[in-house]
Amino acid sequence: QAEAVAIARDHDDLTVSRSIGSIPDAGKGEGTPGFLMILPVYRPGAETDSVDKRRAAFAGVVYVAYRMQDFMNTLAHRGAGLRIFAEEPVQDGGGD
């Protein structure tokens, strides 16, 4: 998840991580695949108008873990749309 933290820090923006594997689901046994939403935090009063200044002022992150199925169900229930873009091409692994 270090990659997502670095992107959030450098861009001063909410960032979503790659899959973090299994997040426990209380009372249901096995966990389900999930991801993190990460928001960077900088020292109060620090300048953040460049990548170098954001790196120097970086204090940490606030994050929340989401189970992917719960997140998608909530979006569908509310009629919201979502586009997901992968930085790397997804391999289909299929034949002809």
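So, how was this worked out
Residues numbered from 1 in each chain as written. Predicted model: local features only at pLDDT ≥ 70, side-chain atom pairs only at ≥ 80, totals over all residues. Heavy atoms only, no water. Helix = DSSP H or I, 4+ residues; strand = E, 2+ residues; numbered from the N terminus. Salt bridge = Lys/Arg side-chain N within 4 Å of Asp/Glu carboxyl O. Phe/Tyr/Trp six-rings, centres within 6.5 Å; stacked < 30°, edge-to-face > 60°. Buried < 20%, exposed > 50% of the residue type's maximum accessible area, 1.4 Å probe, protein only.

Visitor: Just checking my understanding: could you explain unusual backbone geometry for this structure?
Guide: Trans is the common state for peptide bonds, and a negative phi is the common state for residues other than glycine. The phi torsion at Asp12 lies on the positive side, around 50 degrees, for a residue other than glycine. With respect to the helices and strands, Asp12 occurs in the loop between α1 (2–11) and β1 (15–16).

Visitor: Looking at this structure, I do not really get the pattern of salt bridges. What am I missing?
Guide: Pairs can form between side chains of opposite charge whenever their charged atoms are close. For the structure on display, the rule yields 6 salt bridges. The shortest N-O distance in the salt bridge between Glu3 and Arg18 comes to 3.0 Å. Of this pair, Glu3 sits in helix α1 while Arg18 sits in the loop between β1 and β2 (22–23), and the two are 15 residues apart along the sequence. Residue Glu47 is joined to Lys53 by a salt bridge in which the shortest nitrogen-to-oxygen separation is 2.8 Å. Taken together, the shared-partner salt bridges connect Arg9, Asp10 and Arg55 into one network.

Visitor: Where do I start with the packing of aromatic side chains in this structure?
Guide: Think of a pair of aromatic rings as described by two things: how far the centres are apart, and how the planes are tilted against each other in angle. Taken as a whole and assessed by the stated rule, the structure comprises 4 aromatic pairs. Geometrically, the ring pair formed by Phe35 and Tyr66 is stacked, given 5.6 Å between the ring centres and 20 degrees between the ring planes. Here Phe35 is found in strand β3 (residues 32–42), whereas its partner Tyr66 is found in strand β4 (residues 58–67), with 31 residues between them in sequence. Its relative accessible area of 4% is what places Phe35 among the buried residues. The exposure class assigned to Tyr66 is partly exposed, which follows from its relative accessible area of 29%.

Coordinates in, geometry out; function isn't part of it.
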